[in-house]
Amino acid sequence: MSDSHYTFDFLNSLTGAKSLIFYEGEDHGMHKSRAGQLGPEAYTMVADWLSDRVRGIEAQSMYTEVDATGMVHVEPWGDQREYTYGITENTKKLIFGN
């Protein structure tokens, strides 16, 4: 277990495909926040990822965020990704608009 900042730094240092699923407002459990309660089941997402690998579907570097409404936002990892503490950009857009 590590602070999110260190998790992002570590994943940025990897050269291969990487994937991170971030449930907004969660700590180390997966069902305490609204994101964990309303969003997709974490273990199902892991099973789907493993199933894709077994079927020969190549892993892509992706960042997935489940926001407080349970909506899933997926985007490519890119060269570098940074975590900023506090409210996420997706939630800012939900609350405040553009």
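The structure reproduced in this document is the subject of the present report. (Residues numbered from 1 in each chain as written. Predicted model: local features only at pLDDT ≥ 70, side-chain atom pairs only at ≥ 80, totals over all residues. Heavy atoms only, no water.)

## Let's talk about the overall build of the chain
As a reminder of what qualifies: Helix and strand definitions follow DSSP, with helices as H or I runs of at least four residues and strands as E runs of at least two, each counted in order from the N terminus. Accessible area is worked out with a 1.4 Å probe on protein chains only. A residue is then buried under 20% of its type maximum, exposed over 50%, and partly exposed in between. Contacts are residue-level and defined by heavy atoms, with any inter-residue pair within 4.5 Å sufficient. To measure how exposed things are, a 1.4 Å probe is used in the Shrake-Rupley method; for residues, cover is taken only from the protein chains shown.
In terms of helices and strands, the chain carries four helices and three strands. In sequence order, the secondary structure elements of the chain are arranged as α-β-α-α-β-β-α. Every one of the 98 residues in the chain was classed for burial, and the buried ones make up 28%. In the chain, of all internal contacts separated by at least 6 residues, the share reaching a separation of at least 24 is 55%. Surface exposure of the chain reaches about 6800 Å², of which carbon and sulfur atoms provide 56%.

## A look at a nonpolar patch on the surface
To be explicit about the condition: Patches draw on residues past 30% relative accessible area with no salt bridge. Two like charges within 9 Å are joined, as are two nonpolar side chains (Val, Leu, Ile, Met, Phe, Trp, Tyr) within 5 Å. For salt bridges, the criterion is a side-chain nitrogen of Lys or Arg within 4 Å of an Asp or Glu carboxyl oxygen.
There is a patch of nonpolar side chains on the surface, built from V46, W49 and L50 and spanning about 280 Å² of accessible area. Positionally, W49 belongs in helix α3 (residues 42–54). For W49, a relative accessible area of 40% translates into the label partly exposed.

## With respect to helix α1 (residues 4–13)
The following threshold applies: This arc describes the spread of directions from the helix axis toward the C-beta atoms.
Within α1, the full set of buried residues consists of F8, L11 and N12. The buried residues of α1 occupy an angular sector of 105° when projected down its axis, which confines them to one face. Across from the buried face of α1, at angles greater than 90 degrees, the exposed residues are Y6, F10 and S13. Packing partners of the buried residues in α1 comprise β1 (19–23) and β2 (62–66).

## A word on the packing of aromatic side chains
Quick reminder of the rule: Two rings belonging to Phe, Tyr or Trp (six-membered ring only in the last case) form a pair when the distance between their centres is within 6.5 Å. Interplanar angles under 30 degrees mark stacking, angles over 60 mark edge-to-face geometry, and anything in between is tilted. Note on criteria: charge over ring means Lys NZ or Arg CZ within 6 Å of the ring centre, with the direction from the centre no more than 35 degrees off the ring normal.
The final tally for this structure, using the stated rule, is three aromatic pairs. Ring geometry for F8 and Y63: centres 5.8 Å apart, planes at 55°, overall tilted. In this pair, F8 is assigned in helix α1 and Y63 in strand β2, connecting sequence segments 55 residues apart. Each member of the pair F8 and Y63 is classed as buried. Aromatic pair Y63 and W77: ring centres 6.2 Å apart, planes at 70°, arrangement edge-to-face. Residue Y63 is found in strand β2, and its partner W77 is found in the loop between β3 (72–76) and α4 (89–96); the two are separated by 14 residues along the sequence. Above the ring of W49, the side-chain terminus of R53 is found at 4.8 Å from the ring centroid. The ring of W77 has R81 sitting right over it, with the charged end atom 5.7 Å from the ring centre.

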